[in-house]
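# Inside the fold
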Amino acid sequence: MSSTLAKIAEIEAEMARTQKNKATAHHLGLLKARLAKLRRELITPKGGGGGGPGEGFDVAKTGDARIGFVGFPSVGKSTLLSNLAGVYSEVAAYEFTTLTTVPGVIRYKGAKIQLLDLPGIIEGAKDGKGRGRQVIAVARTCNLILIVLDVLKPLGHKKIIENELEGFGIRLNSKPPNIGFKKKDKGGINLTATCPQSELDAETVKSILAEYKIHNADVTLRSDATADDLIDVVEGNRVYIPCIYVLNKIDQISIEELDIIYKVPHCVPISAHHRWNFDDLLEKIWDYLKLVRIYTKPKGQLPDYTSPVVLPYSRTTVEDFCMKIHKNLIKEFKYALVWGLSVKHNPQKVGKDYMLEDEDVIQIVKK
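Residues numbered from 1 in each chain as written. Predicted model: local features only at pLDDT ≥ 70, side-chain atom pairs only at ≥ 80, totals over all residues. Heavy atoms only, no water.

### Some words on the packing of aromatic side chains
The final tally for this structure, using the stated rule, is 2 aromatic pairs. Between the aromatic rings of Tyr-108 and Trp-286, the centroid separation amounts to 6.0 Å while the plane-to-plane angle is 70 degrees, which identifies the pairing as edge-to-face. Within this pair, whereas Tyr-108 is found in strand β2 (residues 104-108), its partner Trp-286 is found in helix α9 (residues 278-289), the two being separated by 178 residues in sequence. Across this residue pair, the class does not change: Tyr-108 and Trp-286 are buried. Between Tyr-295 and Tyr-305 the ring centres are 4.8 Å apart and the planes differ by 75 degrees, which places this aromatic pair in the edge-to-face class. Residue Tyr-295 is found in strand β12 (residues 291-296), and its partner Tyr-305 is found in strand β13 (residues 304-312); the two are separated by 10 residues along the sequence. The exposure class of Tyr-295 is buried, given its relative accessible area of 6%. Given a relative accessible area of 52%, Tyr-305 falls into the exposed group. Seen from the ring of Tyr-212, Lys-37 lies directly overhead, with NZ or CZ sitting 5.8 Å from the centre. Its end group placed over the ring of Tyr-335, Lys-349 keeps NZ or CZ at 4.3 Å from the ring centre. (Phe/Tyr/Trp six-rings, centres within 6.5 Å; stacked < 30°, edge-to-face > 60°. Helix = DSSP H or I, 4+ residues; strand = E, 2+ residues; numbered from the N terminus. Buried < 20%, exposed > 50% of the residue type's maximum accessible area, 1.4 Å probe, protein only. Lys NZ or Arg CZ within 6 Å of the ring centre and 35° of its normal.)

### A few points about the packing of helix α6 (residues 202-211) against helix α7 (residues 227-235)
At their nearest, the axes of α6 and α7 sit 11 Å apart, and the two run at 35 degrees to each other. As for the relative orientation of α6 and α7, their crossing is right-handed in sense. Where α6 abuts α7, its residues Val-205, Ile-208 and Leu-209 lie against Ala-227, Leu-230, Ile-231 and Val-234. (Axes fitted to C-alpha atoms, helices over the stretch in contact; angles between N-to-C directions. Left-handed = near helix turned anticlockwise from the far one by under 90°. Contact = heavy atoms within 4.5 Å.)

### Quick word on the sheet that holds strand β3 (residues 111-117)
Ordered by their spatial adjacency, 6 strands build an open sheet running β2-β3-β1-β4-β10-β11, and the pairing between neighbours is mixed. Of all the strands in the sheet, just β2 and β11 (267-269) have a single pairing partner and so form its edges. Strand-to-strand twist across the sheet, computed as the mean angle between neighbouring axes with direction ignored, equals 25 degrees. (Pairing = 2+ DSSP bridges.)

### What about α7?
The buried count for α7 comes to 7 of 9 residues, which makes it a mostly enclosed element. If you check which residues of α7 are buried, you get Ala-227, Leu-230, Ile-231, Asp-232, Val-233, Val-234 and Glu-235. Phi for Gly-236, located one or two positions after α7, is positive at around 70 degrees.

### Notes on the nonpolar core
Core analysis: the largest hydrophobic core is formed by 56 residues, its most contacted members being Ile-67, Phe-69, Leu-80, Ile-145 and Ile-147. Considering each element in turn, this core owes the most residues, 7 residues, to α9. Membership of the second largest hydrophobic core comes to 19 residues, among which are Val-205, Val-219, Ala-227 and Leu-230. (Core = buried A, V, L, I, M, F, W, Y, C linked by side-chain atoms within 4.5 Å.)

### Quick look at the pairing of strand β10 (residues 243-248)
Counting buried positions along β10 gives 6 out of 6 residues, so the element sits mostly inside the fold. Of the two faces of β10, both are covered, the one formed by Cys-243, Tyr-245 and Leu-247 as well as the one formed by Ile-244, Val-246 and Asn-248. Direction of pairing for strand β4 (residues 144-150) relative to β10: parallel, over a ladder of 6 bridges. Each bridged residue has a counterpart across the sheet, and for Ile-145 the counterpart in β10 is Cys-243. Inspection of the sheet shows β10 paired to β11 by 3 bridges, in the parallel sense. Note on β11: the bridge partner recorded for Val-246 is Val-268. With helix α8 (residues 255-262) bridging β10 and the parallel β11, this β-α-β connection has right-handed handedness. (Right-handed = clockwise from strand over helix to strand, strands pointing away.)

### Some points on α9
The first and last C-alpha atoms of α9 sit 16 Å apart over 12 residues, in line with the 16 Å expected at 1.5 Å per residue. Following α9 by one or two positions, Lys-290 has its phi on the positive side, about 50 degrees. (Expected span 1.5 Å × (residues − 1).)

### Observations concerning the pattern of salt bridges
Scanning the entire structure with this criterion turns up 11 salt bridges. Here Glu-211 and Lys-37 are joined by a salt bridge, their closest N and O atoms 3.5 Å apart. Taken together, the positions of Glu-211 in helix α6 and Lys-37 in helix α2 (residues 22-43) put the pair 174 residues apart, joining distant regions of the chain. You can call Glu-211 buried: its relative accessible area is 15%. Taking the shortest distance from any N to any O, the salt bridge between Lys-109 and Glu-283 comes out at 3.3 Å. Placement of the pair is Lys-109 in the loop between β2 and β3 and Glu-283 in helix α9, with a sequence separation of 174 residues. (Salt bridge = Lys/Arg side-chain N within 4 Å of Asp/Glu carboxyl O.)

### A few points about the sheet that holds β12
Paired through backbone hydrogen bonds, the strands of a sheet run either parallel or antiparallel to each other. Pairing is mixed across the open sheet formed by 5 strands, whose spatial order is β13-β12-β16-β14-β15. Both outer strands of the open sheet, β13 and β15 (348-350), are each paired with one neighbouring strand and no more. Going from strand to strand, the sheet's axes swing by 40 degrees on average, the running direction of each strand aside. The sheet contact formed by β12 and β13 spans 5 bridges and is antiparallel. In the sheet register, Val-292 faces β13, and the bridge partner there is Leu-311.

Put into structure tokens, the structure is as follows:
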């Protein structure tokens, strides 16, 4: 372990020493690729006797979405969690069995949202210390990450936390790079760029891929890509998660400062202690989660608006809806009737591939 860490430190030092310009871009690309490989080794250790069932940090996924809270100690994370869960949660927030981290499940607009405190990410977890590694595995499954910052010293913390998360292959508020990448058996490296590239040239691409022992591949750059983008695509284990910065303790600053903070993108100022601005935060969380609520309507009855079936926005077909209720439902499925904004006339008869939208009402007709 320590040797890997030493290597990482060495490469980071060399990158810091190297000036950034066209002549060194190639060399820096190589170093970045090497760094990415070493980091991956830390996160997913090589074989070796399985450490036995150590203190697991596995969290049963309950609810429709999962939000991870990250932050330094003493920025008011736990206050925020308990107040959020306290204000909005169901009384039976006792879904903790042996979990080290489920502080609560909140109901918001009919969706059950699981709130997780992710402890100890900061203290060098990406170097594989402590329980960090399992925490990261959980962090990667979140639908949204809230970074809790102290409004009096936000920027330093923000950088450190972002670097840590980046190091585990979590990309915040970004889209996967628009790069086509396909390995082949022969034919060398084929590079096509559909727009001018400021950083990558054929030589840099070749040497980064060579670092991964890939000598035959088609690479298509459809946007102005960086070396990091290419490495992300080759590594292929990156997760893209939306993120909100929560600036806590706004009771300690002036109104003028607050106005400035409001202009920062992805940012919500709150006071966990006084419970200020929680509704704003929840609204923003809802925006970023992009959940789709579907109401069910039993035949001959009014729709049930109290407990929607909640689907992630990437999977909203009628079939996904059936799977969410019960996997045998799709076998008996004949057609569905849908009321709502997504249909041309109410009700509309649709098949299983029909895409539902937020707040549609559906009735399933069985064979």
